[in-house]
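Now for the letters of each chain:
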Amino acid sequence: MGRRSQPRSRRPLLVAVAVVVAGAAVAVAVVGIRTGNRAPAPSRKLAVATAVVTRQTLTQTATAPGTLGFAHPVQVSNRLAGTYTALPAVGATVARGQRLFAVDDRPVTLLYGLLPAYRELKAGVVGDDVLELEQNLAGLGYGGFTVDSTFSAKTGAAVRRWQKDTGQEVTGAVALGQVVFLPGPSRVSDEKVSTGDAAVAGQQVMAATDTTRTVRTQLKLADKPLAVPGSRIKVTLPDGSTVPATVAMAASGSAAGGGTGTGADPGEADAGPAGDPTVQVLVALSGAGAQRAAAPFDGAGVEVTFTALVHRNVLAVPVEALVALADGGYGLQVVDGTTSTYVPVTTGMFASGKVEVSGPGIRAGSRVGVPQ
């Protein structure tokens with residue numbers, strides 16, 4: 001009697017498969033089972049561990065290093081001759097109507113505006129610089145005139161009241177150099193002169209920035225869609241805490257913009273460290289709480305997390321639960337009591353160690369094997 005042939009083994013075929021999650025260089029090894037065209041048979045050999053299928057929101061993120069600092073640096077120049085008699089300390093904040101510095105004990109006042117002072121403002125003068133002056137006078141509480149581009153007699157009367165209240169020479173006109181227009185409240189980031197130095201017209205006195213802390217970072221040009229102005233992101237501080245933030249500005253293109261200093265605007269960058277095109281991103285910390293939390297870390301390195309994609313209300317399992325099927329695709333070992341069955345699934349988003357799955361018999365609360 002001839003020897004009967006041995007039945008073909010139904011043991012799983014082990015296959016090493018690398019799963020790359022969300023583009024990260026982290027691979028997870030999974031095992032496979034040959035299913036052919038038939039449904040996989042139940043097995044009484046259970047996985048060492050199991051996990052529960054959950055319904056949740058999966059979020060893919062991308063991170064980039066950044067530097068905490070202050071944005072929009074400007075250089076402040078003097079237009080008066082004499083001696084510097086007062087200067088603010090580095091780090092001091094100066095607001096509208098406050099003294100920025102003094103020459104021969106004459107205060108030079110900060111006002112808000114984008115057009116720099118370039119002439120004496122007096123009765124009969126017309127222009128956008130007059131409009132800036134009148135807007136500031138009104139903002140400081142000196143009204144009684146129509147806010148427009150014409151320096152009228154009523155404007156002169158308001159100027160005289162302002163000069164008297166602030167200890168200036170009362171002339172009814174604003175001499176060149178008596179005020180400095182900056183975009184808003186300003187933080188002194190550097191001093192170019194010292195008290196007692198000779199003041200020369202056209203001389204740089206100090207550097208100033210915005211008063212709110214921001215983060216400057218960069219992404220690969222291909223990732224620019226992540227940096228949509230106004231989109232919500234988060235910043236991880238050096239102590240491990242996170243604060244909310246938004247994308248304030250993003251620019252990319254031909255020439256590299258400013259250096260990597262903490263006060264530089266996001267300019268157009270042509271290449272990153274590896275020669276790849278990049279986009280410079282300016283991130284605004286959201287709210288007073290975030291500003292306070294970041295205060296101890298001025299100039300420090302931080303991590304910026306951008307949200308790449310969100311899938312809501314999906315079924316998810318740990319990535320390690322995936323089983324690579326020898327015929328292609330992936331499956332899950334669905335556990336039911338003391339038995340288990342391999343079920344093919346369709347995978348979706350990979351994020352934070354989880355994978356979106358769907359397939360016959362896969363529902364929230366199901367238990368699946370996790371090979372170890």
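Given the structure is predicted, the values throughout are model-derived calculations rather than measurements. (Residues numbered from 1 in each chain as written. Predicted model: local features only at pLDDT ≥ 70, side-chain atom pairs only at ≥ 80, totals over all residues. Heavy atoms only, no water.)

## Looking at the overall build of the chain
Reasoning step 1: The secondary structure content of the chain amounts to three helices and 23 strands.
Reasoning step 2: Counting across all 372 residues of the chain, residues that qualify as buried make up 38%.
Reasoning step 3: Of the contacts made within the chain by residues no fewer than 6 positions apart, 66% connect residues no fewer than 24 positions apart.
Reasoning step 4: Just so you have it, the chain exposes about 19,200 Å², and 52% of that area is on carbon and sulfur atoms. (Helix = DSSP H or I, 4+ residues; strand = E, 2+ residues; numbered from the N terminus. Buried < 20%, exposed > 50% of the residue type's maximum accessible area, 1.4 Å probe, protein only. Contact = heavy atoms within 4.5 Å. Areas by Shrake-Rupley, 256 points an atom, 1.4 Å probe, with all protein chains shown as cover.)

## Examining the sheet that holds strand β10 (residues 179–182)
Reasoning step 1: Spatial ordering of the open sheet is given by β10-β9-β8-β6-β12, a layout of five strands whose pairing is mixed. Both outer strands of the open sheet, β10 and β12 (198–199), are each paired with one neighbouring strand and no more.
Reasoning step 2: As defined by bridge partners, strand β9 (residues 106–112) adjoins β10 across four bridges and the pair is classed as parallel. Its bridge partner lying in β10, Thr109 is registered against Val179.
Reasoning step 3: Relative to the sheet, helix α1 (residues 128–139) contacts β9 and β10, its axis offset from that of β10 by approximately 95°. (Pairing = 2+ DSSP bridges. Axes fitted to C-alpha atoms, helices over the stretch in contact; angles between N-to-C directions.)

## Digging into empty space enclosed by the protein
Reasoning step 1: Across all of its chains, the model carries one cavity of 30 Å³ or more by this definition.
Reasoning step 2: Lining the largest cavity are Ala117, Arg119, Leu121, Val174, Ala175, Leu176, Gly177 and Val179.
Reasoning step 3: For the lining of the largest cavity, the per-class residue count stands at six nonpolar, one polar and one charged. (1 Å grid on protein atoms, 1.4 Å probe; cavity = no way out; pocket = protein on both sides within 12 Å on 5 of 7 lines; lining within 4 Å. Points joined across faces, edges and corners; volume = space filled by probe spheres on them. Nonpolar A, V, L, I, M, F, W, Y, C, P; charged D, E, K, R; others polar.)

## Some thoughts on the pairing of strand β20 (residues 330–336)
Reasoning step 1: The element β20 is largely enclosed, with a buried count of five among its seven residues.
Reasoning step 2: In this structure, strand β19 (residues 323–324) lies alongside β20, joined through two bridges in antiparallel fashion. Directly across from Ala324, in β20, lies its bridge partner Tyr330.
Reasoning step 3: The hairpin formed by β20 and strand β21 (residues 339–351) contains two residues between the paired strands, and Gly337 there has a positive phi angle of roughly 65°.
Reasoning step 4: Pairing of β20 with strand β23 (residues 367–370) involves two bridges; the strand directions are antiparallel. Paired with Val335 across the two strands is Arg367, which belongs to β23.

## Some thoughts on the environment of Thr54
Reasoning step 1: Within the fold, Thr54 resides in strand β4 (residues 54–70).
Reasoning step 2: Note: C-alpha distance between Thr54 and Ser366 (312 residues apart in sequence) is 8.2 Å.
Reasoning step 3: Here Thr54 is in contact with Val314, Leu315, Ala316 and Lys354, once residues within four sequence places are set aside.
Reasoning step 4: In this structure the side chain of Thr54 is engaged in a polar contact, spanning 2.6 Å, whose partner is the side chain of Gln56. (Polar contact = N/O pair within 3.5 Å; in protein donor to acceptor, adjacent residues only side chain to side chain.)

## Points about the sheet that holds strand β13 (residues 204–209)
Hydrogen bonds between backbone groups are what pair the strands of a sheet, and the pairing can be parallel or antiparallel.
Reasoning step 1: Spatially, β5-β13-β11-β7 is the arrangement adopted by the four strands of the open sheet, whose pairing is antiparallel. Edge positions in the open sheet fall to β5 (74–77) and β7 (93–94), since each of these has one partner strand only.
Reasoning step 2: With four bridges joining them, β5 and β13 adopt antiparallel strand pairing. Across the sheet, Ser77 pairs through a bridge with Gln204, a residue of β13.

## Remarks on the environment of Gln218
Reasoning step 1: When you line up the elements, Gln218 lands in strand β14 (residues 213–220).
Reasoning step 2: Classification of Gln218 as partly exposed rests on a relative accessible area of 28%.
Reasoning step 3: Expressed as a C-alpha distance, the spacing of Gln218 and Leu282, which sit 64 residues apart in the sequence, is 8.5 Å.
Reasoning step 4: Among the polar contacts made by the side chain of Gln218, one reaches the side chain of Gln280 at a distance of 2.7 Å.

## Considerations on the packing of aromatic side chains
Reasoning step 1: For the structure shown, the criterion picks out one aromatic pair.
Reasoning step 2: Between Arg187 and the ring centre of Phe70, over which it is positioned, the NZ or CZ distance is 4.1 Å. (Phe/Tyr/Trp six-rings, centres within 6.5 Å; stacked < 30°, edge-to-face > 60°. Lys NZ or Arg CZ within 6 Å of the ring centre and 35° of its normal.)

## Points about the pattern of salt bridges
Reasoning step 1: Applying the stated rule across the entire model yields four salt bridges.
Reasoning step 2: Across the pair Arg119 and Asp129 runs a salt bridge whose closest N-O atoms are separated by 2.7 Å. Linking Arg119 in the loop between β9 and α1 with Asp129 in helix α1, this pair joins segments that are ten residues apart in sequence.
Reasoning step 3: The class for Arg119 is partly exposed, based on a relative accessible area of 27%.
Reasoning step 4: For Asp129, a relative accessible area of 1% corresponds to the buried category.
Reasoning step 5: Here Glu120 and Lys122 are joined by a salt bridge, their closest N and O atoms 3.9 Å apart. (Salt bridge = Lys/Arg side-chain N within 4 Å of Asp/Glu carboxyl O.)

## Points about α1
Reasoning step 1: Here α1 contains twelve residues, and its C-alpha end-to-end distance of 16 Å stays within 8% of the 16 Å for a straight helix at 1.5 Å per residue.
Reasoning step 2: Within α1, the full set of buried residues consists of Asp129, Val130, Glu132, Leu133, Glu134, Asn136 and Leu137.
Reasoning step 3: Against β9, α2 (153–165) and β10 lie the buried residues of α1.
Reasoning step 4: Looking at the residues trailing α1, positive phi occurs at Gly141, about 95°. (Expected span 1.5 Å × (residues − 1).)

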